[in-house]
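A look at the structure
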Amino acid sequence: MKTSDFSYKLPEELIAQDPKEKRDASRLLVLNRKTGKREHKVFNNITDYLIPGDCLVINDTKVIPARLYGEREKTGGKVELLLLKRKENNIWETLVKPGKKAKPGDRLLFGGGLLKGKILEVIEDGNRLIKFEYNGIFEEILDSLGQMPLPPYITHKLKDKNRYQTVYAKHEGSAAAPTAGLHFTKGLLKEIEDKGVNIARVTLHVGLGTFRPVKSDNVENHHMHTEEYHVSEEAAELINNTKRQGGRVICVGTTSLRTIESAAVSYGFIKPGSGDTDIFIYPGYQFKVTDALITNFHLPESTLLMLVSALEGQREIIKAYNEAVSLKYRFFSFGDAMFMETRRLVYNTDGTYNQKYYTEKGELKLPYSEYIKEEDRFKEYITASGIKEAWDMFH
């Protein structure tokens with residue numbers, strides 16, 4: 001599978017530079033499973049696509065003001081630092097710019113010495129381990145000195161730090177926001193719960209690994225960096241009960257999806273706990289728990305675009321993206337959103353199209369309504385005979 005298969009043309013003016021004034025006023029592109037058609041809505045219409053018994057999975061990580069600007073103690077040279085992951089107490093894995101001049105033993109100053117750092121060693125991908133020294137509480141110092149780590153494609157200054165946080169952000173640790181969650185307001189979440197939809201809260205601290213470009217020509221050769229996640233007993237129970245009762249598990253964002261798929265120990269069942277995950281989801285992946293996804297529009301040739309293609313099919317996703325471009329949707333972190341349900345019969349495990357239903361180019365061989373009936377039969381067969389037998393029969 002070629003990385004270039006996940007390319008599309010995006011005019012620069014469609015990259016959203018600022019958040020919408022109202023969180024839930026963004027546009028929503030729906031890939032309607034029942035009809036096979038694309039629908040164009042406003043995000044607060046998402047409730048129309050949720051039904052009682054569904055479970056919405058949200059990532060309650062909180063973005064830290066992880067970008068620091070300082071200077072080298074010896075030379076006074078400017079330095080930019082991005083905190084990636086706390087390794088222990090005051091030692092962090094960081095990205096330093098300019099990197100070539102940042103050598104073990106060098107000391108860095110931030111805020112005129114309010115925060116000091118010593119580079120301990122250079123690790124994988126040129127990242128640096130830095131030990132910090134300070135008086136007081138690290139989080140308070142970071143809040144006063146640090147800036148929100150907006151992606152490089154956003155050039156406007158963020159007026160309100162809270163707009164790069166979800167309204168349900170709780171556990172600090174991310175270097176980037178789980179951006180699909182930015183569309184939700186507290187009122188919209190209450191409306192969803194009042195409708196009989198459960199909300200499961202999981203945590204995955206988003207690092208830069210999710211956003212690193214795929215440099216290999218072959219998708220399979222790309223390696224993801226690890227990210228820390230946590231699934232509570234309460235969240236696991238909500239998700240597992242939903243699957244047992246035939247409800248849908250709908251993930252808000254790719255980070256929520258990667259969390260529950262990492263925690264899945266078998267088809268339809270996840271285990272509570274904490275750990276590090278480097279799960280890489282691309283066409284051919286067998287989804288164990290996820291039934292649907294709410295997500296933003298992603299960069300060309302990115303691992304996130306590969307993930308959503310695994311849900312719907314690469315051909316269908318690229319067609320949807322091209323339509324969104326033609327209708328001038330807003331893209332990336334502060335952009336618009338999509339809603340899609342998982343198709344489980346699109347691919348074989350090797351990433352080739354399932355030729356029982358698709359041509360080699362990803363075109364359906366049968367009417368869409370007949371394909372959906374096959375999807376429903378597949379789910380019934382899983383319940384009766386198990387995932388392996390169902391997979392063998394329908395692929």
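See the structure printed just above.
Scoring rules and cut-offs
- Note on numbering: residues in each chain are counted from 1, in written sequence order.
- Given that this is a predicted model, residues contribute local features only at a pLDDT of at least 70 and side-chain atom pairs are listed and counted only at 80 or more, while totals for whole chains, interfaces and linings are drawn from all residues.
- Water and hydrogen atoms were dropped before computing side-chain values, which therefore reflect all heavy atoms in the structure.
- A strand pair is defined by DSSP finding two or more bridges across the two strands.
- Helix and strand definitions here come from DSSP, where helices need a minimum of 4 consecutive H or I residues and strands a minimum of 2 consecutive E residues; each element is numbered from the N-terminal end.
- Only the contacting stretch of a helix is used when fitting its axis, a line to C-alpha atoms as for every element, and angles between N-to-C directions run 0 to 180 degrees.
- The contact criterion used throughout is that any non-hydrogen atoms of two residues lie within 4.5 Å.
- Handedness of a helix crossing follows the sense of rotation of the near helix relative to the far helix, less than a right angle counterclockwise being left-handed and clockwise being right-handed.
- Each residue gets one label: Ala, Val, Leu, Ile, Met, Phe, Trp, Tyr, Cys and Pro are nonpolar, Asp, Glu, Lys and Arg are charged, and the others, such as Gly, are polar.
- We call two N or O atoms a polar contact when they sit within 3.5 Å, provided that within protein one can donate a hydrogen and the other can accept it, with sequence-adjacent residues counted only if both atoms are side-chain atoms.
- To sort residues, take the accessible area from a 1.4 Å probe on protein chains only and compare it with the maximum for the residue type: under 20% means buried, over 50% means exposed, and anything in between is partly exposed.
- Here, expected helix span is obtained from the residue count minus one, scaled by 1.5 Å.
- Note that the arc is defined by the directions from the helix axis to the C-beta atoms.
- Any pair of Phe, Tyr and Trp rings, taking the six-membered ring for Trp, is counted once the centres come within 6.5 Å. Such a pair is stacked with planes under 30 degrees apart, edge-to-face with planes over 60 apart, and tilted for the rest.
- Two conditions define a charge located above a ring, namely a distance within 6 Å from the ring centre to NZ of Lys or CZ of Arg, and an angle within 35 degrees of the ring normal.

Reading around the barrel, the six strands line up as 5-6-7-10-9-8 and close back on themselves, with antiparallel pairing between neighbours. The average angle at which neighbouring strand axes cross in this sheet is 45°, direction not considered. Summarising the sheet, strand 7 (residues 91–97) and strand 10 (residues 128–134) pair through four bridges and their orientation is antiparallel. The partner of E93 across the bridge, within strand 10, is L129. Contacts from helix 1 (residues 138–145) reach strand 5 (67–72), strand 6 (78–88), strand 7, strand 8 (107–110), strand 9 (115–122) and strand 10, with the element oriented near 150° to strand 6.

Turning next to the packing of helix 7 (residues 368–385) against helix 8 (residues 387–394). Relative placement of two packed helices is described by the angle separating their axes and the distance separating the axes. Running from amino to carboxyl end, helix 7 crosses helix 8 at an angle of 145°, the nearest separation of the two axes being 7 Å. The way helix 7 lies across helix 8 gives a crossing that is right-handed. Contacts between helix 7 and helix 8 involve E374, R377, F378, Y381, I382 and S385 on the former and, on the latter, I387, E389, A390, W391, M393 and F394. Residue composition of the contact of helix 7 with helix 8, grouped by class: eight nonpolar, one polar and three charged.

Along the chain, the position of E227 falls in strand 13 (residues 227–231). A polar contact of 2.5 Å, which involves the side chain of E227, links it to the side chain of R258.

With mixed pairing, the nine strands of this open sheet are ordered in space as 2-1-19-18-14-3-12-13-17. Two strands in the sheet have a free side with no partner beyond their single neighbour: strand 2 (38–42) and strand 17 (273–277). In this sheet, adjacent strand axes meet at a mean angle of 25° when their direction is disregarded. The strands touched by helix 3 (residues 233–244) within the sheet are strand 3 (55–59), strand 12 (198–204), strand 13 and strand 14 (249–252), with strand 12 carrying the most contacts at an inclination of about 130°.

The next thing to look at is the pairing of strand 19 (residues 337–341). Within strand 19, five of the five residues are buried, which leaves it mostly tucked inside the rest of the structure. Side chains A337, F339 and E341 of strand 19 all project onto a buried face; the interleaved residues M338 and M340 project onto the opposite face, where all are buried too. Alignment of strand 1 (residues 27–31) against strand 19, held across four bridges, turns out to be parallel. Its bridge partner being in strand 19, L31 is matched across the sheet by M340. With five bridges connecting them, strand 18 (residues 292–296) and strand 19 associate as antiparallel partners. Paired with N296 across the bridge in strand 19 is A337.

Another aspect to go through is helix 7. Along its 18 residues, helix 7 runs 25 Å from first to last C-alpha, staying within 8% of the 26 Å computed at 1.5 Å per residue. All of the buried residues along helix 7 are Y368, Y371, I372, E374, E375, F378 and I382. The buried residues of helix 7 all sit within an arc of 155° when viewed along its axis, so they share a single face. In helix 7, the exposed residues that point more than 90 degrees away from the buried face are K373, E380, T383 and A384. Each element contacted by the buried residues of helix 7 is listed here: helix 8.

Tallied over the full model, the rule gives 24 aromatic pairs. When the ring of Y357 is compared with that of Y371, the centres are 6.0 Å apart and the planes differ by 80°; the resulting orientation is edge-to-face. Of this pair, Y357 sits in the loop between strand 19 and helix 7 while Y371 sits in helix 7; the two residues are 14 residues apart in sequence, bridging distant segments of the chain. Among the residues examined, Y357 registers a relative accessible area of 5% and is labelled buried. Aromatic rings pair up to connect Y8, Y153, F297, Y321, Y329, F331 and F332 into one cluster. Lying over the aromatic face of Y329, R27 brings its terminal NZ or CZ to 3.9 Å of the ring centre.

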